[in-house]
Amino acid sequence: MNLLINIIIALCLMFGPYVIILIIFKGLRPWLRKWGLIIWVVCIIILFTLNNIYHSHATPERKRRWCEINLGVIWHASENYVKQYNKYPSGFEDALPFLPEDMSNKKYFLICANDTRYDYFLRDKEILNKTPVNDLSYIWLLENYHPDNRLLFPLIADKNGNHKNGRNVLFSNGDIKWLSESEFQDCMKNMPRKSEEQKR
C-alpha cells in the first residue's frame with residue numbers, strides 16, 4: 001500500500017507541472033501535446049541521472065559528515081531521555097521515541113550514509129521497519145559497558161566497516177570524534193565491561 005502511494009505521489013510530482021503548463025498556456029497546447037511530454041520526460045531522466053551520479057560520487061568526507069549529523073541527533077535524543085528518567089538509555093530502543101518526529105521513519109537516523117545497505121533501506125521502508133535497531137549502522141556502547149561514574153565516556157560508535165580507516169564515536173558530552181580502529185579499541189579498553197547481571 002505504501003509503495004502504491006509513493007508511486008502516485010512521484011507521478012504527481014513528475015507530471016503535475018506539465019499538466020499545469022498545458023492549462024495555463026493554452027496557445028502552446030498543440031506544440032506542447034506534440035513535443036512537451038517528450039521534453040519533460042527527458043528532463044526528468046536527466047535530473048534523476050544527475051542525482052544518482054551526485055550520491056554515488058559523494059566523498060567519504062561528506063558521508064562521514066552525514067554520519068556525524070546522525071550521531072548528533074541521537075545524542076540530543078539521549079539527553080532528553082536523561083532529563084526525563086535521570087539515567088542513560090539502555091539501548092537504541094529507549095532513545096528511538098525521543099528522536100525528531102518530522103522523519104517518516106526515525107530509524108533513518110540509525111543508518112550511516114557509508115553503510116553499504118543505506119540505499120537498500122531507503123528503497124524499502126517495510127524492511128527498515130522490520131530490521132532490529134541493533135542490526136543497523138551504530139553500536140550503543142552502554143549495552144556492554146558502563147560509565148563507572150565518569151563525566152566523559154564513549155556513548156555510541158560506528159560499526160566496524162562503515163568507514164575506511166576509522167569510526168565516528170559519540171561521547172557523553174556531545175562531542176563526535178574520528179578515531180582510528182586502534183584508538184577506538186584503546187578507548188574501550190579503559191571502559192569497564194558490564195557483567196551479565198548488569199546487562200539484564
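Please read these numbers as outputs of a predicted model, since none were measured by experiment.

## Notes on the sheet that holds strand β4 (residues 176-179)
Spatial ordering of the open sheet is given by β1-β2-β3-β4, a layout of four strands whose pairing is antiparallel. At either margin of the open sheet sits one strand with a lone partner, and together these are β1 (138-140) and β4. On average, each strand axis in the sheet is tilted by 25 degrees relative to the strand beside it, whichever way the strands run. Of the pairings in the sheet, the one linking strand β2 (residues 154-158) to strand β3 (residues 167-171) comprises three bridges and is antiparallel in character. Bridged to A157 within β3 is V169. Its contacts with the sheet put helix α7 (residues 181-189) on β2, β3 and β4, and the angle it makes with β3 is roughly 30 degrees.

## Overview of the pairing of β3
Taken across its five residues, β3 has five buried, putting it largely inside the fold. Of the two faces of β3, the one holding R167, V169 and F171 and the one holding N168 and L170 are both buried throughout. By the bridge criterion, four bridges tie β3 to β4 in an arrangement that is antiparallel. From the neighbouring strand, L170 faces β4, where its bridge partner is I176.

## Some thoughts on the nonpolar core
Residues I74, F92, Y138, W140, L155 and I156 are the most contacted members of the largest nonpolar core, which totals 33 residues. Mapped by element, the contributors of at least two residues to this core are α3 (60-85), α4 (92-95), β1, β2, β3 and α7. The element contributing the most residues to this core is α3, with five residues.

Definitions and limits used
Residues numbered from 1 in each chain as written. Predicted model: local features only at pLDDT ≥ 70, side-chain atom pairs only at ≥ 80, totals over all residues. Heavy atoms only, no water. Pairing = 2+ DSSP bridges. Helix = DSSP H or I, 4+ residues; strand = E, 2+ residues; numbered from the N terminus. Axes fitted to C-alpha atoms, helices over the stretch in contact; angles between N-to-C directions. Contact = heavy atoms within 4.5 Å. Buried < 20%, exposed > 50% of the residue type's maximum accessible area, 1.4 Å probe, protein only. Core = buried A, V, L, I, M, F, W, Y, C linked by side-chain atoms within 4.5 Å.

No statement about biological role is implied by the geometric values presented.
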